[in-house]
Every structure is written in C-alpha cells, then in structure tokens.
Amino acid sequence: MNQEAVSQEPQVEQESAREAVPLDPHEVLYVPLRRRFTSEYVTNEEGHPELLIHFGYDEVSFDEPDLFAFGETLMQQDQFMAGSATAWSTGEPYAWERVKRLLEALLAEGFLTREPPGKPPTESEFHRKLMEDEARREAPTEPLWWNPDCARVMERLTGRPLELGHLETVMPVHRIAHPALDAEGRHVGEMNVFPNAMRMKIPTEWRMCQYPGSRYRNEAQMNVTALKAMTRYWKPMMQGLLRVREEFLRRYPLLPDGRWRMGDLHALACDVLALPTLLLMRGNAPVPNGTLEPVLSSIFRVTDGVRMVLAYLMFLPERPMPYDTPITPAELYRFVEYGNFFISGRGVCAGPQPMVEELFATLMEGKPVTGAPPAVPEWNADIPAAVDYGQLGLQLYALQFNLWSYMARAYEVIREALLPVEDAPGSVLGRLREHVERDWELILPTRMEQAAQRDWAEARYIEMFDRAQRGMRGFREDTLLHLRDVFTPARDEMDARTRTLLRELLHARAGSPSGTRRDVLDTVADAIADFLAIERPVLRALDGVQRQVNALLQRPHPERKLTSEDLALQHRLRVGTFGVLPHLMDVLRDEVGIALETTEDTTHCSIAGN
C-alpha cells in the first residue's frame, strides 16, 4: 500500500508480516474516513481486471476476482467486527487467517483503526499553520498591477524594471491576471496569485471539505468565499464559457468522433483565461484594476484548474499523452479525482462534484445553460481577440519553457564535468561545483535533469507551438515557424567569439590552470556558449511573437531590444516557489564575477560591475 498497489494477496501478507498488528475476530474495527474512498475497475498490464480503491494519495489494489467483493464491501462500512469480514465473499466464506492478514495490513497502513473516530474536526494543524504563516507574510497594503505600471512593479519585485510591452515574454499570459482585483475586491487568482509578492491580505472564509472522494476532510480546507461567488454567477459564467468555446471551435474542430484533443482542450482553457486578461491589459480603454466583472474573475478561477491538470498530464512521459490524445469529460474527472488534483498546497477545490461535472460538460460538450439567456455582455465582441491573445501566449510559453529545458541540459553537462574535480571549497572550481549542486537540487523537482523528460517536453512544445499558430486569424501556411528551427544554434562569428572569450575569462579568473582543471573550465565555457548560441535565435522568435501581442493589444512595442536579463526575471519571480527555476548565468556572476547578457544579435561578456 502507501502509493504502491497491493495487487496480490501474497504482497499483503508480506506487508502484514513486516508490520504485524495482532487481531482478534471479535474486535470492532473502524473506517475513519470512509467517504474518502473511491473505486474503479481497471485492466492491469497482464490484461486482467483489477479493483482499485483510492484513499487520498494512497490506493489498495485487488487483482484476485474472489477478493473484489471484499473490497467493495469494505467501502460500505463505517465499523464492523473483524470476524464478520469472512462473510463478505459472494461464494464460500473467506478463511479467517486470510482475512486477518488483509485487515492487519490495512490497519498498519491507516485505512482502518481500532479507535472509534472522534468528533469531526473543524480545523487541521496544516490549515492552522498555513493561517499563521499567512498572518506573518509580508504583503502589499495597496494593489499592485501591471497595466500601466509594469516597470515600477517589476522593479519592486525583482530590482529590474521591465517595459509593459515585454511582459508577456517574461510572464505567461495565463498568469498575468492573477494579481488583478475584481469588482468585489478579490484577486483573480485568489490564493494562487503569481507572483505571490503581489498578493494582498484579503479576508477569506475557510471550511473543512465534506464532499466525498479525495477531498473529504482533507487537512487543506476549501475557500468558501470563492465558492459563494461562483454560485452567484454560475449561469452567466457557463454562458461565457460557451461563447469562448464557440469561437475556439471555429478554428479548431473536434476529432471526428466528437471528442477533444487534450492539447486543444488545454489551449481552450488558456484562451478562456486570456479573455479577462485582454480586457485588463489592452492599450485602449483597459478595464481598471478593481472593476473587473466577478463573472469573468470566477470564470478564470474555475478554468485555471482545468488548465493546470491538462498541462500536467501532457508533460508526464510515464503516462504518454501527446497533444492529440482524445479525452472526454468523464475521463477528465477521473484524472482530477484519482490524481488528487482537487488538492493543492493551500486548499482544496471548493466546487462540489455536480458543479465540476457541469463545468466539464459545458466546456467540452457545449451543454446548454437552462433558463432565459442573459443579455449579451459587452466583452462578447472581444472574444475573437482574446482567443488570438491566448494562442500567442501559448507560443511564448512554448518558447520560454523549452529554452529552460536547454538550460537544464547545460547544467547537466557542467555538473558532470565538475563533480570529479577535487578542489578546495574556496577555489573557483570548488565554488562553481557547490553552486551548481545547489541549483541541481532545485532542478530535481522539475524533472528536467532527466533526458527523457526534456525530450518529451520538447515534443509537446513543438506540437503546442505549431498548433497555436494555425489557429490565429489570418494564418498563412508560408508564415509557419517551426520550433526546431528556432532552437537551431547560431553557429556564427558571434558564437565563436563568445566561446573563445568565455574560455579566456574563466582561465584568468581561475589563475590560468593547466591540465585537467583547464579542460574542465573549457567544458564549462563551451556548455554555456552552446546555450547562448540557442538563446539568441529564441530571443528573436520571442520578440517576433511579442510584437504581434503588442499590435493586438494596441500598445507600442519597446524600442529597447529584449535581452537574456529580461528573460531571467521569470527565474527571479519564481524564487521561493515549488517550481523555482535556477538561472545558470547567476552561477558565473556570483562565483567568478563574469556577467553575460544576450540579445538576438549579440552576447555581451564582461567582468561583473564593469
């Protein structure tokens, strides 16, 4: 058990033998959180049926058909006498010794207890600590918003200003609206605002979740304030989703059998998020911060959850689901429930199952909204532009994050070169090795240290980048840009000069070593140069897409060229988050005093501070 399926009785016997809990047939056993159980029948790798019982992050598996009745009956019990479980069979009663081993294993793993459950708690230690941390958190007392104060806000957050016309290159479009306030004074992103430093302290009602399934009495609580808003605006929210869906399907038809491509559903979710974002970010008559319709902020919140689940599924190589993988509403709900996507580090999804299922049916099947249709909202005319904005955002996202995977490759090469070196901790090579090792620990949760993950992710970015271009209004095939072409290294004079200069500077900063140490420094220099040779054409592509964004939003494109230091702001903004992305150029600057800054045409290499 405990994240591993107990698929055969012998395995249960082995676990119970290791953690034996003596059991008497007359003892009463309790199922403390029975409503958290969910089950499904699946076909295992051998092609045989298997009963899976999910219990939060754990699961129990029965692959012997005569034990299916045992598992199904167990799920119906709040309490039972241990010996009575021998009668749960559909045929001859189970032998007590067999049942005893099963129950002892379930006791050892916490699925069962000997103690009767007490009064259900209204709060958990986890939530109490979360609220204590929230009370101590430094938060802005006045709203911070990008439009038109991007330069000032970014400088406050990172120490470096950024023109508004470069924002989508640094910040994914699906996250830009997070810190905005709606007309009810709540952040569009609620507790998930990114960057977190823009999140104010806003009163929120929390409650322990009582919905059956993975969320049942989870230690993370649900945001009741957001749920009340969604309930108030539910019908106009669903009408809004149908309007965006209709525009999207004009450009991207469903599969012949009527199912969605997983990648297209992810793109639709991004386009829904782009609608309120466009209204807030456009150059002419933007919606002022603090006045966004709650219908739109609520649409954003429920759809962002869909986007996150689909992004996770597409980028998981262990369960291969490329862009064109068909998906139905029932399958999506299954992924959410059994994958524990209802649960986050700050709370659980507040929507009850019928509401979630209606959301999926509306988004995917076009389920009509009952009752008299509401008046057409003013923003209905902005939906085609919002879909364009969402598709441009996906192109930028594919470029941004595929570039990060190439930086992870450079980290891997440098780490392999530095690990065998036995230099003193204070030496140049020693400092480089220690910094790279610290960064490597940050890379591990992203899985980008694995070549298989990087290759799988790049294949998905290729699909995403291509598909997002084809859905743009006015698209022509002769204008299609291929992601692989963008990530072709610029093997030109600038690349050669950068490579040579990096070697010379590293040699000089390390005291002109010879032999193996010199070779290691050359490997470090070459790995960085290889990355920079890719970064320059990517900067050119990013600038081209950003120009389209600025034209769409009717705002000027910055005169200053986009640089690698602008892209590094994405890394700075993620510091302190679970998905922090270390930045390779920080290693050079911090440990050997070499500063690098790249544009689409040049790489500037200097001693830091000069």
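The text that follows walks through the structure, step by step, so that each part is easy to find.

The rules we used
Residue numbers run consecutively from 1 along every chain, following the written order of its sequence. Local features in a predicted model are, by the rule used here, given only for residues with pLDDT of at least 70; side-chain atom pairs are given and counted only at 80 or more, and totals for whole chains, interfaces and linings are based on all residues. Computation of side-chain values covers all heavy atoms of the structure but excludes hydrogens and water. Secondary structure is summarised from DSSP: a helix means a run of H or I of at least four residues, a strand means a run of E of at least two, and numbering begins at the N terminus for each. We compute the radius of gyration from the C-alpha atoms alone; for a globule the expected value is 2.2 Å times N to the 0.38, where N is the number of residues. For every residue, the accessible area obtained with a 1.4 Å probe (protein chains only) is divided by the maximum for its type, and the residue is called buried under 20%, exposed over 50%, and partly exposed between those limits. All accessible areas in this document rest on Shrake-Rupley with a 1.4 Å probe, and a residue is counted as covered only by the protein chains that are shown. The convention is simple: Lys and Arg are positive, Asp and Glu are negative, and His and the chain ends are not counted. Taken as the charge centre is NZ of Lys, CZ of Arg, CG of Asp or CD of Glu, depending on the residue. Just to be clear on terms, a salt bridge is a Lys or Arg side-chain nitrogen sitting within 4 Å of an Asp or Glu carboxyl oxygen. Side-chain atoms within 4.5 Å are what join buried Ala, Val, Leu, Ile, Met, Phe, Trp, Tyr and Cys residues into a set we call a nonpolar core. Any pair of residues with heavy atoms lying within 4.5 Å of one another is described as a contacting pair. A pocket, in this scheme, is an open set of points on a 1 Å grid over the protein atoms alone with protein on both sides within 12 Å along at least 5 of 7 lines, while a cavity is a set where a 1.4 Å probe fits but cannot get out; residues line either one if an atom lies within 4 Å of a point. Grid points are joined across faces, edges and corners, and a volume is the space filled by probe spheres set on the points. At least two DSSP bridges between two strands are required for those strands to pair. Axis geometry follows a simple rule: fit a line to the C-alpha atoms, using only the stretch in contact for helices, then measure angles between N-to-C directions, giving values from 0 to 180 degrees. Centres within 6.5 Å are what make two rings of Phe, Tyr or Trp a pair, Trp counting through its six-membered ring; a difference in plane orientation under 30 degrees is then read as stacked, over 60 as edge-to-face, and the rest as tilted. For a lysine, the NZ atom is tested; for an arginine, the CZ atom; a charge sits over a ring if that atom is within 6 Å of the ring centre and within 35 degrees of the ring normal.

### Focus on the overall build of the protein
Move 1: Each helix and strand counted, the protein has 21 helices and 11 strands in total.
Move 2: A globule of 610 residues ought to have a C-alpha radius of gyration of about 25 Å, and the protein, at 27 Å, matches this closely.
Move 3: In terms of overall dimensions, the protein has a C-alpha envelope of 80 × 70 × 50 Å along the principal axes.
Move 4: Relative to its full complement of 610 residues, the protein shows a buried share of 56%.
Move 5: Here the protein displays about 26200 Å² of accessible surface, and carbon together with sulfur accounts for 52% of that area.
Move 6: Between the averaged position of the 68 positive side-chain charges in the protein and that of its 91 negative side-chain charges there is a distance of 5 Å.

### Focus on the pattern of salt bridges
Move 1: Within the structure shown, the criterion is met by 63 salt bridges.
Move 2: Residue Glu 40 is joined to Arg 334 by a salt bridge in which the shortest nitrogen-to-oxygen separation is 2.5 Å. Here Glu 40, found in strand β2 (residues 37–43), pairs with Arg 334, found in helix α12 (residues 329–338); they are 294 residues apart in sequence, far enough to count as distant.
Move 3: On the basis of relative accessibility, which here comes to 11%, the residue Glu 40 falls in the buried class.
Move 4: A relative accessible area of 32% places Arg 334 in the partly exposed class.
Move 5: Note that Glu 125 and Arg 128 form a salt bridge whose closest N and O atoms lie 2.1 Å from each other. Of this pair, Glu 125 and Arg 128 both sit in helix α4 (residues 125–136), 3 residues apart, which is roughly one turn of that helix.
Move 6: Relative accessible area serves as the criterion here: at 30%, Arg 128 is assigned to the partly exposed category.
Move 7: A network of salt bridges, in which partner residues are shared, links Arg 491, Asp 495, Arg 499, Arg 503, Asp 522, Asp 526 and Asp 530.

### Observations regarding the nonpolar core
Move 1: One finds Trp 146, Leu 167, Leu 332, Leu 502 and Ile 528 to be the most contacted residues of the largest nonpolar core, which totals 154 residues.
Move 2: The biggest single contributor to this core is helix α14 (residues 383–418), with 22 residues.
Move 3: If we skip the residues at most four places from it in the chain, Ile 528 touches Ile 414, Leu 502, Leu 584, Met 585, Leu 588 and Leu 596.
Move 4: Judged by nonpolar contacts, the second largest core, of 29 residues, contains Val 60, Ala 69, Trp 88 and Val 99.

### Describing empty space enclosed by the protein
Move 1: The final tally for this structure, using the stated rule, is 8 cavities of 30 Å³ or more.
Move 2: Put simply, the largest cavity is a space of about 160 Å³.
Move 3: As for the largest cavity, its lining consists of 15 residues, and the residues nearest its centre are Gln 400, Leu 403, Leu 567, Gln 570 and His 571.
Move 4: Listing elements by their share of the lining of the largest cavity, those giving two or more residues are α6 (167–170), α14, α19 (515–553) and α20 (564–573).

### Structural notes on the sheet that holds β2
Move 1: The strand order across the open sheet formed by 3 strands is β2-β3-β4, and the pairing between neighbours is antiparallel. Since the sheet does not close on itself, it has two edges, and those belong to β2 and β4 (58–62), each with one partner. Neighbour to neighbour, the strand axes of the sheet diverge by 25 degrees on average, direction disregarded.
Move 2: Bridging between strand β3 (residues 49–55) and β4 involves 5 bridges; their strand directions are antiparallel. Of the residues in β4, the one forming a bridge with Phe 55 is Asp 58.
Move 3: Its contacts with the sheet put α12 on β2 and β3, and the angle it makes with β2 is roughly 125 degrees.

### Things to note about the packing of aromatic side chains
Move 1: With the rule as written, the count across this model stands at 17 aromatic pairs.
Move 2: A ring pair is formed by Tyr 406 and Phe 487, whose centres lie 5.1 Å apart and whose planes are at 25 degrees; its orientation type is stacked. Remark: Phe 487 occurs in the loop between α17 (483–486) and α18 (493–509) and Tyr 406 occurs in helix α14; sequence separation between them is 81 residues.
Move 3: Taking relative accessible area as the criterion, Phe 487 reaches 4% and is therefore assigned buried.
Move 4: Put simply, the rings of Phe 62, Phe 70, Phe 80, Trp 88 and Tyr 94 touch in pairs and so form one group of aromatic residues.
Move 5: The ring of Phe 194 carries the charged tip of Arg 175 above its face, separated from the ring centre by 4.5 Å.
Move 6: Looking at Arg 215, its charged tip hangs above the ring of Phe 342, at a distance of 3.9 Å from the centre.

### Brief notes about the pairing of β2
Move 1: Direction of pairing for β2 relative to β3: antiparallel, over a ladder of 7 bridges. Residue pairing for β3: Thr 43 is matched across the bridge by Pro 49.
Move 2: Remark: 5 residues form the turn of the hairpin made by β2 and β3, two consecutive strands paired antiparallel; Gly 47 in that turn has positive phi of roughly 85 degrees.

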